[in-house]
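Next come the chains, spelled out residue by residue.
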Amino acid sequence: MDNNQGELRTKQVIIDVSNVETLLQFHQLLKEKLSFPDIYGNNWAAFWDVISRMIELPMKITFIGWGHLYQRFPEDAEIMMSKFEKLNKKYPSEAAEIEYRE
């Protein structure tokens, strides 16, 4: 990715997960806020496919209410975090800064 393309990336997206009560709701929130395609399958394999091949992530993603989500869905929270870490290592030019706030 050259510098001109980088300038076109969305600077920041804030995702409030403090009221998420189901995994489907969480996946739908990710789909909405990160502009996933309609074919998104609402699972972590589909999440990886979308973030690694189908969309350009914003430069920074901030999750608000992370403690609530992590407490409710610790395994899924860890899976998502690992997918972002994998993406940032595998495709550093397209890396996104991820912030998890209580």
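Quick note: structure is the one above.
Residues numbered from 1 in each chain as written. Predicted model: local features only at pLDDT ≥ 70, side-chain atom pairs only at ≥ 80, totals over all residues. Heavy atoms only, no water.

**Regarding the packing of aromatic side chains**
Right, on to step 1. What the rule picks out here adds up to 10 aromatic pairs.
Right, on to step 2. Pairwise contacts between aromatic rings join Phe 26, Phe 36, Tyr 40, Trp 44, Phe 47, Phe 63, Trp 66, Tyr 70, Phe 84 and Tyr 100 into one cluster.
Right, on to step 3. For Lys 86, the ring lying beneath its charged end belongs to Trp 48, and the centroid distance is 4.4 Å. (Phe/Tyr/Trp six-rings, centres within 6.5 Å; stacked < 30°, edge-to-face > 60°. Lys NZ or Arg CZ within 6 Å of the ring centre and 35° of its normal.)

**Focus on the nonpolar core**
Right, on to step 1. In terms of nonpolar packing, the biggest core is built from 30 residues, with Leu 30 and Phe 63 touching the most fellow members.
Right, on to step 2. If you tally residues by element for this core, the top one is helix α3 (residues 44-54), at six residues.
Right, on to step 3. With sequence-adjacent residues up to four places away left out, Leu 30 is seen in contact with Ile 15, Ser 35, Phe 36, Trp 44, Phe 47, Phe 63 and Met 80. (Core = buried A, V, L, I, M, F, W, Y, C linked by side-chain atoms within 4.5 Å. Buried < 20%, exposed > 50% of the residue type's maximum accessible area, 1.4 Å probe, protein only. Helix = DSSP H or I, 4+ residues; strand = E, 2+ residues; numbered from the N terminus. Contact = heavy atoms within 4.5 Å.)

**Observations concerning α3**
Right, on to step 1. Buried within α3 are the following residues: Trp 44, Ala 46, Phe 47, Trp 48, Val 50, Ile 51 and Ser 52.
Right, on to step 2. At its buried positions, α3 is contacted by α2 (23-33) and α5 (74-90).

**Some words on the packing of α3 against α5**
Right, on to step 1. Where α3 meets α5, the closest approach of the two axes is 11 Å, and the angle between their N-to-C directions is 25°. In terms of their interaxial angle, α3 and α5 are classed as roughly parallel. For the pair α3 and α5, the sense of crossing is right-handed. Contacts from Trp 44, Phe 47, Trp 48, Ile 51 and Ser 52 in α3 reach Asp 76, Ile 79, Met 80, Lys 83, Phe 84, Lys 86, Leu 87 and Lys 90 in α5.
Right, on to step 2. Of the residues that constitute the contact of α3 with α5, the class distribution is eight nonpolar, one polar and four charged. (Axes fitted to C-alpha atoms, helices over the stretch in contact; angles between N-to-C directions. Parallel < 35°, antiparallel > 145°, perpendicular 65-115°, else oblique. Left-handed = near helix turned anticlockwise from the far one by under 90°. Nonpolar A, V, L, I, M, F, W, Y, C, P; charged D, E, K, R; others polar.)

**As for the side chain of Ser 52**
Right, on to step 1. Structurally, Ser 52 can be placed in helix α3.
Right, on to step 2. Looking at Ser 52, its side chain comes within polar contact range of the main-chain oxygen of Trp 48, at 2.6 Å.
Right, on to step 3. When sequence neighbours within four positions are dropped, the list of residues in contact with Ser 52 reads Leu 87 and Tyr 91. (Polar contact = N/O pair within 3.5 Å; in protein donor to acceptor, adjacent residues only side chain to side chain.)

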